[in-house]
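# Structural features, examined
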Amino acid sequence: MVSAEKLFDDLLHAELEDQVTEVLSRHGVGGDDPSQWRPLGDIENHFGLVGNQQSSATAALVEKLINGVDALLIAACLREGIDPESMHAPRSMAEAAEKFFHVRNGRLEYLDAPERTELADNLHLIAVGEKARPSYLVIDRGEGQTPQSFPDTFLSLAKSNKENIHFVQGRYNTGGTGVLQFCGKRNNYELIVSRRQPGLRTKPGDRTWKDWGFTLVRRLRPRAGTGRKNSMYVYLAPGGNVPSFTARYLNLLPKLTKSGAPPKPYEDPLEWGSCVKLYEYEWKARSIATTEARYELERFLHTLCLPIRVTETRNYQAHYLSTTVSGGSVTVEDDREERSFTEPGFPADSGLNVPDVGKLPVWIVVYKPMGDGAKRRSPYGVCFTVSGQVHGQMPSDFISRRLGFGYLARDLLVSVDCTNMAPDVREDFFMASRDRLRDCDAYEKIEEELIGKLREHQGLREMNQRRREQQVRESTSDDEPARILQHLVQADPSLSQLLAPGSKIKKPFGPEGPERPYIGKRFPTYFRIANEPKGGLVKDCAINLRCRVEFETDAENDYFSRGESPGSFACVPDSGAPGNLWNGNMTATFHVPNGSKIGDAVPVRVEVTDETRVLPFVCDFTIRIQPPSQRPPAPPGPPRRPKGGGELGMPPIIEVFRDGWPAHDFDDHSGLQIVPNEETGFDVFLNMDNIFLLSELKREGDRGSQELIRYWFKYGLYLTALGLIYDNRRREQARAPQGEDDTEDNPKIDYFRLAGQVSSGIAAVIVPVIRRLAEGPKAAAQM
């Protein structure tokens, strides 16, 4: 093997997996000689640990970026002469960012864009290599590691390196390995290089503190004759030691150009810190020349205490080839005045107060739908975060099926902050991979509380209904579905089983009037109990239930959750949390204080304040404890529709054409989409520019025949979908009692989504089948 520095340089500038293999072979280290390669973590049977990390490339990449944030915070702590594991060290990431980087409250919303960009120079994500098979560099100017310490840091597994440091995210010493299986197709190459920041402490006797250390991690797959049943990751360590060399700096960072050409990779120096190169990384954000990568990262980074600089060095044409990622909350805050992609009134506050779990702040955003002035596809879903990083999500159909907000399913983001959740509860709630949730007692309690809180949110209910009204008004003729379906049911009464009880469909909405927007104050002038009686509010509450108290204010909807200058809500005794704050109204839920007895009258004081107030707003009321209620609470789920008479509820058929495809994820082959709603149970969106329908229309020259074909396609596909829904509902009810929660062995079926998926295949054949059947038995026999 030639010099270590030459080997490193060749590996750094190799951009493809095959090129790395060739470099290793050329330098004489291409085999799996144990004298040159050591098992990752010095554990041979580690694939069960490494292979059980993040399930998506973005989540795994975020772990690398968060490791960079950790390294920056630890380095700053050491520079201040503070032991990161001591009681003098910060107790959270936000506190560390404020103490060491002057980021107020650890929230980047307090910094303007140039300040965030300057700070982001400490942490970089850089795209290099080929367009079709990009590689990525993650570079930080943090503490760095000595070559001698590599086996105990970068290359260790399940060690307690950060266990006693409270202001970093890392805990289990495995999350950084999640990227490996997304690197390339065969060898999963990852290059690591680092140098210790001058002046920071090292282990006694470590004389490599001046040197750059580097290694390459690769995968050895099972192979006959080796005795290896599972894959194993190894790292380059000739003679058992990580290769090293001396250099004042390495050209690892990109250099920006003034001509508008892409930045040049490997041009600007890095004097210390760490760099990780992920070869041919399988990330969905293929181009980071635009804001695509930024928004993809924000799906997993709702808030950040330190920003990230993202740079594209490949040959893309774009207005911006370098951008700063500061977290989704900053992006929303920056859009507060322009409102280019968030709906009026949002973001908004809510909060959970879950017994035996704790108080969990909730941040709610509704983005504008694509094609309606929105500039991007925003993150959406119900997510659970710790220090701003997403650690798990509710199922994809939670918003539409469990909440009944089908028209918000692709645009609603609910972020539940679990940072202050008790450590033992958090261990049970989150998987160690930090991208999944465990189905445990805490999960069930949080889910029940969250469903109740979101379903009663006035702003969400209004927005869901408003969107439905708009789509149905624009796409539905007066009585066409009711008239045609009534005719079909009269011809074949068995079809009535597919339709829900209700009333005949009619044009359901009147003219759209101007909406008067609510304009809240950034710092409220009042916060009080709504309609408070003269003698004070007294709330009767069964000892086994909770009570609600209505408050009124003139605060903005995100007063309690915003990043910059938020308000605070305190309750004595500590039995309540802020609820849904929407357009001047808030409902807070209070549980019976611990130690209370039946007949007690417990005084409760709520104090609300912010940085502008000398004295808080004070609200006093009394909870009078009543005997336990014998009536069980209503099971969570979508809102129930009122029972109708003897008529049939006929969901509207809403026609969608090519220009409306993005809102429904339609393509050439899509058939239909079914969206739940409270009024008729669900609405049906039909793709009237389906490629098979257009082909059938093209064959027919007669206009009348074309109308007949559209009729066949429309109602044939519609009734087939209703049949699928009816049958799956019947099967589900036969398997489990009504209202029973999902279980791993008996999951509930999202039959709306299933019908939509199956409809693509049915759309391809529905018109030919109906035509043949209409032509009679002889024609049908020829099929």
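Residues numbered from 1 in each chain as written. Predicted model: local features only at pLDDT ≥ 70, side-chain atom pairs only at ≥ 80, totals over all residues. Heavy atoms only, no water.

Okay, the packing of aromatic side chains next. Across all of its chains, the model carries 21 aromatic pairs by this definition. Seen in terms of ring centroids, F527 and F560 are 6.2 Å apart; in terms of plane orientation they differ by 85 degrees. Their pairing is edge-to-face. Of this pair, F527 sits in strand 19 (residues 527-529) while F560 sits in the loop between strand 21 (546-553) and strand 22 (568-572), and the two are 33 residues apart along the sequence. Pair check on accessibility: F527 and F560 agree, each one buried. Within the aromatic cluster, the residues linked to one another by ring pairs are F527, F551, Y559, F560 and F569. Just above the ring of Y316 sits the side chain of K131; from NZ or CZ to the centre is 4.6 Å. One residue, R613, lies across the ring of F617, its end atom 3.7 Å from the ring centre. (Phe/Tyr/Trp six-rings, centres within 6.5 Å; stacked < 30°, edge-to-face > 60°. Helix = DSSP H or I, 4+ residues; strand = E, 2+ residues; numbered from the N terminus. Buried < 20%, exposed > 50% of the residue type's maximum accessible area, 1.4 Å probe, protein only. Lys NZ or Arg CZ within 6 Å of the ring centre and 35° of its normal.)

On to the sheet that holds strand 28 (residues 653-656), then. Strand order in this open sheet of 3 strands is 28-30-29, and the pairing throughout is mixed. Every interior strand has two partners, whereas the edge strands, strand 28 and strand 29 (672-677), have only one. Each neighbouring strand pair of the sheet contributes to a mean axis angle of 25 degrees, computed without reference to strand direction. The sheet contact formed by strand 28 and strand 30 (residues 681-687) spans 4 bridges and is parallel. Note that in strand 30 the partner of I653 across the bridge is V684. Along the sheet, helix 16 (residues 751-775) makes contact with strand 29 and strand 30, crossing strand 29 at roughly 165 degrees. (Pairing = 2+ DSSP bridges. Axes fitted to C-alpha atoms, helices over the stretch in contact; angles between N-to-C directions. Contact = heavy atoms within 4.5 Å.)

This part takes up the environment of G459. Tracing the sequence through the fold places G459 in helix 12 (residues 458-475). The class for G459 is buried, based on a relative accessible area of 1%. Sequence separation between G459 and A348 is 111 residues; the distance between their C-alpha atoms is 8.8 Å. When neighbours within four sequence positions are excluded, G459 is seen to be in contact with F346 and W582.

Turning to unusual backbone geometry, a few remarks are in order. Negative phi values dominate among residues other than glycine, just as trans dominates among peptide bonds. A cis geometry characterises the amide bond from F346 onward to P347, with omega recorded as 10 degrees. Relative to the helices and strands, P347 is located in the loop between helix 8 (328-334) and strand 13 (348-354). Across the junction of V572 and P573, the peptide omega takes the value -5 degrees, indicating a cis bond. For P573, the location among the structural elements is in the loop between strand 22 and strand 23 (576-582). Unusually for a residue other than glycine, H102 sits at a positive phi of about 60 degrees. For N583, which is not a glycine, the phi torsion comes out positive at approximately 50 degrees. In this fold, N583 is placed in the loop between strand 23 and strand 24 (585-591).

This paragraph deals with the sheet that holds strand 20 (residues 537-542). One open sheet holds the 4 strands; their spatial order is 20-26-25-22, and the pairing between them is mixed. The strands lining the two open edges of the sheet, one partner per strand, are strand 20 and strand 22. Adjacent strand axes in the sheet meet at a mean angle of 30 degrees when their direction is disregarded. Pairing geometry for strand 22 and strand 25 (residues 601-609), over 5 bridges, is antiparallel. Looking at the pairing, S568 lines up with T609 of strand 25.

Attention now goes to a negative patch on the surface. A cluster of acidic residues, E163, D424, E427 and D428, forms a negative patch on the protein surface. Relative to the assigned elements, D428 resides in helix 10 (residues 423-429). (Patch = residues over 30% accessible without salt bridge, like charges linked within 9 Å, V, L, I, M, F, W, Y side chains within 5 Å. Areas by Shrake-Rupley, 256 points an atom, 1.4 Å probe, with all protein chains shown as cover. Salt bridge = Lys/Arg side-chain N within 4 Å of Asp/Glu carboxyl O. Lys, Arg positive; Asp, Glu negative; His and termini not counted. Charge placed at Lys NZ, Arg CZ, Asp CG, Glu CD.)

Once that is clear, we can look at the pattern of salt bridges. This structure, assessed with the given rule, holds 47 salt bridges. For E696, the salt bridge goes to R771, with nearest N and O atoms at 3.0 Å. Of this pair, E696 sits in helix 14 (residues 691-699) while R771 sits in helix 16, placing them 75 residues apart in sequence. Across the pair, R771 and E696 agree in class, each one buried.

Considering the arrangement of structural elements, one finds S322 in strand 12 (residues 322-325). S322 gets classed as buried once you look at its relative accessible area, which sits at 15%. Side-chain polar atoms of S322 contact the backbone oxygen of V310, separated by 3.4 Å. One polar contact links S322 to T311, side chain to side chain, over a distance of 3.0 Å. (Polar contact = N/O pair within 3.5 Å; in protein donor to acceptor, adjacent residues only side chain to side chain.)

In this section: the pairing of strand 13. For strand 13, a buried count of 7 out of 7 residues is recorded, marking the element as mostly surrounded by other parts of the structure. Burial of the side chains of strand 13 extends over both faces: A348, S350, L352 and V354 are buried on one face and D349, G351 and N353 on the other. As paired elements, strand 13 and strand 14 (residues 358-366) share 7 bridges and run antiparallel to each other. In the strand pairing of strand 14, G351 is matched with P361. Hairpin connection between strand 13 and strand 14: a loop of 3 residues separates the two successive antiparallel strands, and D356 in this loop has a positive phi of roughly 65 degrees.

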